[in-house]
Amino acid sequence: MLQSESAMGEEWMEVVTLWASFERQWKYKEVSKLGPTNRPAAVGEWIGRGRPSTWRPVIGDLARYESAFWKWWSGVQPDWRLEDGELVRKRLVGDWEPLRRPGTNGVVSVLVGLFYWGLVVLEKGRGRAGWRSAVKDCHAALKEL
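This write-up is about the structure you can find in this document. (Residues numbered from 1 in each chain as written. Predicted model: local features only at pLDDT ≥ 70, side-chain atom pairs only at ≥ 80, totals over all residues. Heavy atoms only, no water.)

1. Comments concerning the overall build of the protein
Stated formally: Elements are defined by DSSP. Helices are runs of H or I of four residues or more, strands are runs of E of two residues or more, and each kind is numbered from the N terminus. For a compact globule the rule gives 2.2 Å times the number of residues to the power 0.38, and the radius of gyration it is set against comes from C-alpha atoms. In this description, contact between two residues means that some pair of their heavy atoms is separated by no more than 4.5 Å.
Of the regular secondary structure elements, the protein holds 5 helices and 2 strands. Traced from its N-terminal end to its C-terminal end, the protein shows the element sequence α-α-α-β-β-α-α. Expected size for 145 residues packed as a compact globule is a radius of gyration near 15 Å; at 14 Å, the protein falls within 12% of this value. If you line up the protein on its principal axes, its C-alpha atoms span 35 × 35 × 30 Å. Within the protein, contacts between residues at least 6 apart in sequence are counted, and of these 71% link residues at least 24 apart.

The structure is reproduced here in structure tokens:
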């Protein structure tokens, strides 16, 4: 599923590769769940449907989805990456334990959220800068995990 869209670009494919390596390192074993607070509805729907690889959500409001993703992504970060509740993307050195979540209820959910967002960006031909920024930050975080 996640590798099916090479049109999303090289950095996306690198994120998928980093994630797969992370999962292998942890032997795909769930350690703990990633928090659902502010999680985009599409990700929750995917989980609720049993995580099917072929299901695709309808995302009508791209700006709303982007906002939800950033709130969720910021909320699962280590405290040291936040300042006044806002994510400071250049902060990459510290203990990543709060995000070190392999398994079916972990970081894969973030990638699925990015994947669905990226599909809409490809389809509509707009919103690419916001999506790429999120992919870039996820890439940076996965390199540290």
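Structure's up, so let's keep going.
2. Points about the packing of aromatic side chains
What counts, and what does not: A pair of aromatic rings is counted whenever rings of Phe, Tyr or Trp (Trp by its six-membered ring) have centres within 6.5 Å, and the orientation is called stacked for planes under 30 degrees apart, edge-to-face for over 60 and tilted otherwise. Each residue is placed in one exposure class: buried if its accessible area under a 1.4 Å probe, protein chains only, is under 20% of its type's maximum, exposed if it is over 50%, and partly exposed if it falls in between. Only when the NZ of Lys or the CZ of Arg is both within 6 Å of the ring centre and within 35 degrees of the ring normal is a charge said to sit over the ring.
Following the criterion strictly, the structure yields 10 aromatic pairs and no others. Measuring from centroid to centroid gives 6.3 Å for Trp12 and Phe115, while their planes differ by 25°, and the two rings are stacked. Of this pair, Trp12 sits in helix α1 (residues 10-25) while Phe115 is found in helix α4 (residues 108-124), placing the two residues 103 residues apart along the sequence. Each of the two residues, Trp12 as well as Phe115, counts as buried. On the numbers, 5.9 Å between centres and 50° between planes, the contact of Phe115 with Tyr116 is tilted. As far as the burial class goes, Phe115 and Tyr116 line up, both buried. Between the NZ or CZ atom of Arg51 and the centre of the ring of Trp46, over which it lies, the distance is 5.9 Å.

Everything listed here is a matter of geometry and, on its own, says nothing about what the molecule does.
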